[in-house]
Amino acid sequence: MKYIFVTGGVVSSLGKGLTAAALGTLLENRGVKVTLQKFDPYLNVDPGTMSPYQHGEVYVLNDGAETDLDLGHYERFTNTKLTRFNNLTSGQVYQTVLDKERRGDYLGKTVQVIPHVTDEIQNRIHQIGELTKPDVIITEIGGTTGDIEGLPFLEAIREFALDVGYTNAIFVHVTFVPFIKAAGELKSKPTQQSVAKLREIGIAPHILVCRCEQSLTKELRQKISLFCNVPFEAVIEEKDVEHSIYEVPLMLQRERLDDLVCRLLHLDVPPANMSHWQDIIRKLIAPQHRVRIGVVGKYIGLNDAYKSVYEAISHGGIANDCGVEIEKVEAEEIEKYGAEKILKGLAGILVPGGFGERGIEGKVQAAQFARERKIPYLGLCLGMQVASIEFARHVLKLEGAHSTEFDPNTPHPVIALLDEQKKVTQKGGTMRLGAQPCQLIVGSKAAHLFGAFVINERHRHRYEFNNAYREQFEQAGLKFSGTSPDGKLVEVIELKDHPFFMASQFHPEFQSKPSAPHPLFKGFIAACHQYIHHKPL
Ligand code: GLN
């Protein structure tokens, strides 16, 4: 087995995860079986309890693990199947070590960062190897070189590489080469210092991936090579992409990153055939059609908060050869100025998942606007719940209808706590999580879009549709087109008298890929396109 360790230098938010994922794409397309794993140095056990302001989106895996959003990149860029073992945090490491200590596994010893914490980190690399039996494991270390909390992880991978030998393990350092406008120059000093930091602790990177706004000159590459002790050909340029993150694999292929990696790891494999990927890029860059849709949320200023949603929308665009411009709408703006003013002219409206009361009325108004004006609507998790609340209030005339999450004393709790949630007291990892089967109704639009009657989709919620109201809703024209196989939990709703009004309790965005756009997003964008061009459905 071969190992690639990806570290980051100079600043955070460099796109290390994307770089790791893109390298995964290239290796997979050379016939190499890869898996990817992320180490996060923070002390939370998982990101599930963190605010999007701290962490961006929480990405959910099939097995219900709440993970870092980089795992979303890994799944979108490769075919690897990820589980909770693919994301390790310091919190998990210390929890395991302390459990062992209490059990007496270390009896007689002083428990220390080296070797006990570092061993635990290394165990996780072996564990992934045994579980998934890949040819190559790409392990990304979160944070920036020089962070105190990242040190045990760097020490662990240093030891690991020494153990398996340098033909089996390489270090790729993703760094930043800033362009200083006033000087009109790209600067290599931060990269030199960040590499020096790594070498101080015994890691000499084999490859430097240089993130930059402007192309590196030959002289600069030579300088970086000389000062950072890497061969000239191992100074790889990764310029900001122009159109889409899906260009990154092609860009890195042009820089021959995958060739170099294969050479260093003695992987004798053919070049990557990226023609299908080129086709995806073509559809993103020069689509035949265009639409503009609105995403109504509460963390709109923060791109990472709805990462998978935005990605899945672009996949829906790819499936329809349609460029999608996303109007990011702050739900509170709708409360202030009204739906008409804010949402007019859009080809579709999407309300993603969310927690907490802020902006909720704006989302309800967005659903109402979409229903009444017959604008395509896609609701995801909370987006299904607000659509139900809206329908209850304005079609069924159930005044004050709400979710008990936001109004515990509502006279009409159309959304209420799941039974299994009633006894839950701890917050971490206790929602209804992960892939669950859903049965679709024959003849429904949902079944038509999926082309299947049983689907498996990922969840992350505590509240559900209250079955006491099902009959009333149905009689008024709302179809429960998907439920859990026992029929008890509502999973998908759709409106009969509407070109496309569809919402799911699950999160379809977590299973969409550019190479396999999710049926709900594909159907939604198709409906948006038809709506805006006034074609009958
Ligand atoms: N807050 C809602 C719930 O817990 C919706 C969750 C979500 O959108 N992920 O049920």
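Residues numbered from 1 in each chain as written. Predicted model: local features only at pLDDT ≥ 70, side-chain atom pairs only at ≥ 80, totals over all residues. Heavy atoms only, no water.

Peer 1: What's the story with the site of the ligand in this structure? I'm lost.
Peer 2: In the neighbourhood of the ligand, the contacting residues comprise G353, G354, F355, C381, L382, Q385, E405, R460, H461, R462, Y463 and H507. Between L382 and the ligand, the recorded distance is 3.1 Å, taken from a backbone N or O atom to an oxygen atom. Between E405 and the ligand, the recorded distance is 2.8 Å, taken from a side-chain N or O atom to a nitrogen atom. In isolation the ligand has 290 Å² of accessible area, and contact with the protein removes 99% of it. Elements with a minimum of two residues in the shell around the ligand: α16 (382-394) and β19 (454-461). (Near = heavy atom within 4 Å. Polar contact = N/O pair within 3.5 Å; in protein donor to acceptor, adjacent residues only side chain to side chain. Areas by Shrake-Rupley, 256 points an atom, 1.4 Å probe, with all protein chains shown as cover. Helix = DSSP H or I, 4+ residues; strand = E, 2+ residues; numbered from the N terminus.)

Peer 1: Teacher, can you tell me more about the side chain of R76 here?
Peer 2: Positionally, R76 belongs in helix α3 (residues 70-77). One buried charged side chain, R76, makes no salt bridge at all; its nearest oppositely charged neighbour is E311, positioned 4.8 Å away. Apart from the residues lying within four places of it in its own chain, the contact partners of R76 are Y59, L69, Y246, W277, K307, S308, E311, H315, S512, K513 and P514. (Buried < 20%, exposed > 50% of the residue type's maximum accessible area, 1.4 Å probe, protein only. Lys, Arg positive; Asp, Glu negative; His and termini not counted. Salt bridge = Lys/Arg side-chain N within 4 Å of Asp/Glu carboxyl O. Contact = heavy atoms within 4.5 Å.)

Peer 1: Looking at this structure, I do not really get a nonpolar patch on the surface. What am I missing?
Peer 2: Together, V442, F453 and V454 make up a nonpolar patch on the protein surface, roughly 300 Å² of accessible area in all. Residue placement: F453 occurs in the loop between α17 (445-450) and β19. (Patch = residues over 30% accessible without salt bridge, like charges linked within 9 Å, V, L, I, M, F, W, Y side chains within 5 Å.)

Peer 1: Would you explain the pattern of salt bridges in this entry?
Peer 2: Two side chains that carry opposite charge are able to pair once their charged atoms sit near each other. Going through the model one piece at a time under the given rule, you end up with 34 salt bridges. One salt bridge connects E75 with R458, and the closest N-O pair in it is separated by 2.9 Å. Of this pair, E75 sits in helix α3 while R458 sits in strand β19, and the two are 383 residues apart along the sequence. A residue is classified by how much of its surface remains accessible, and E75, at 8% relative accessible area, is buried.

Peer 1: Explanation requested: the sheet that holds strand β22 (residues 490-495) in the structure shown.
Peer 2: Strand pairing in a sheet relies on backbone hydrogen bonds, with the paired strands running either antiparallel or parallel. Ordered by their spatial adjacency, nine strands build an open sheet running β13-β12-β14-β15-β23-β22-β21-β18-β19, and the pairing between neighbours is mixed. The open sheet terminates on both sides in strands that have one partner only, identified here as β13 (322-330) and β19. Each strand axis lies, on average, 25° off the axis of its neighbour in the sheet, ignoring direction. As paired elements, strand β12 (residues 289-297) and β13 share nine bridges and run parallel to each other. Paired with V296 across the strands is V329, a residue of β13. Its contacts with the sheet put helix α15 (residues 360-373) on β12, β14 (348-351), β15 (377-380), β22 and β23 (501-504), and the angle it makes with β14 is roughly 150°. (Pairing = 2+ DSSP bridges. Axes fitted to C-alpha atoms, helices over the stretch in contact; angles between N-to-C directions.)

Peer 1: Help me understand the environment of D63 in this model?
Peer 2: Structurally, the position occupied by D63 is in the loop between β3 (59-60) and β4 (66-67). Sequence-wise, D63 and R458 are 395 residues apart; in three dimensions their C-alpha atoms are separated by 8.7 Å. With residues up to four places along the chain from it excluded, the contact list for D63 reads T83 and R84. Within the structure, the side chain of D63 is placed 2.9 Å from the backbone nitrogen of A65, a separation counted as a polar contact.

Peer 1: Any chance you could explain the nonpolar core here in plain terms?
Peer 2: Within soluble globular proteins, side chains that are nonpolar tend to cluster in buried spots. Among the nonpolar cores identified, the biggest contains 60 residues, and I4, L27, I138, I207 and V261 are the most heavily contacted of them. For this core, the element with the highest residue contribution is helix α1 (residues 16-28), accounting for seven residues. Setting aside its immediate chain neighbours within four residues, I207 contacts I170, F171, V172, H173, A234, I236, L257, L260, V261 and L264. Within the second largest apolar cluster, 41 residues are counted, among which are I334, L343, I375 and V386. (Core = buried A, V, L, I, M, F, W, Y, C linked by side-chain atoms within 4.5 Å.)

Peer 1: Honestly, helix α4 (residues 90-103) in this entry has me stumped. Any pointers?
Peer 2: An α-helical turn contains 3.6 residues, so any two residues separated by three or four positions project in the same direction. An ideal rise of 1.5 Å per residue puts 20 Å on 14 residues; α4 measures up with 20 Å between its terminal C-alpha atoms. Those residues of α4 lying buried are S90, G91, Q92, V93 and V97. Its buried side turned inward, α4 meets β2 (34-40), β5 (87-89), α5 (113-132) and α6 (151-164). Just past α4, the residue G104 takes up positive phi, approximately 95°. (Expected span 1.5 Å × (residues − 1).)

Peer 1: Before we go on, may I ask you to explain the packing of helix α12 (residues 307-319) against helix α19 (residues 519-532) in this structure?
Peer 2: The geometry of a pair of packed helices is captured by two quantities: the angle between their axes and the separation between those axes. Close contact between α12 and α19 brings their axes to 8 Å; oriented N to C, the two are set at 65°. Between α12 and α19 lies a crossing of right-handed hand. Here V309, A312, I313, G316, G317 and A319 of α12 lie close against α19, whose contacting residues are F521, K522 and I525. Of the residues belonging to the contact of α12 with α19, the class tally is six nonpolar, two polar and one charged. (Left-handed = near helix turned anticlockwise from the far one by under 90°. Nonpolar A, V, L, I, M, F, W, Y, C, P; charged D, E, K, R; others polar.)

Peer 1: Any chance you could explain the environment of T430 here in plain terms?
Peer 2: The residue T430 is located in the loop between β17 (413-417) and β18 (432-440) in this model. A sequence separation of 10 residues divides T430 from E420, and the C-alpha atoms of the two residues are 9.8 Å apart. Ignoring anything within four residues of it in the chain, the contact list for T430 reads Q421, V424 and R462. Among the polar contacts listed, one links the side chain of T430 to the backbone oxygen of Q426, at a separation of 2.7 Å.

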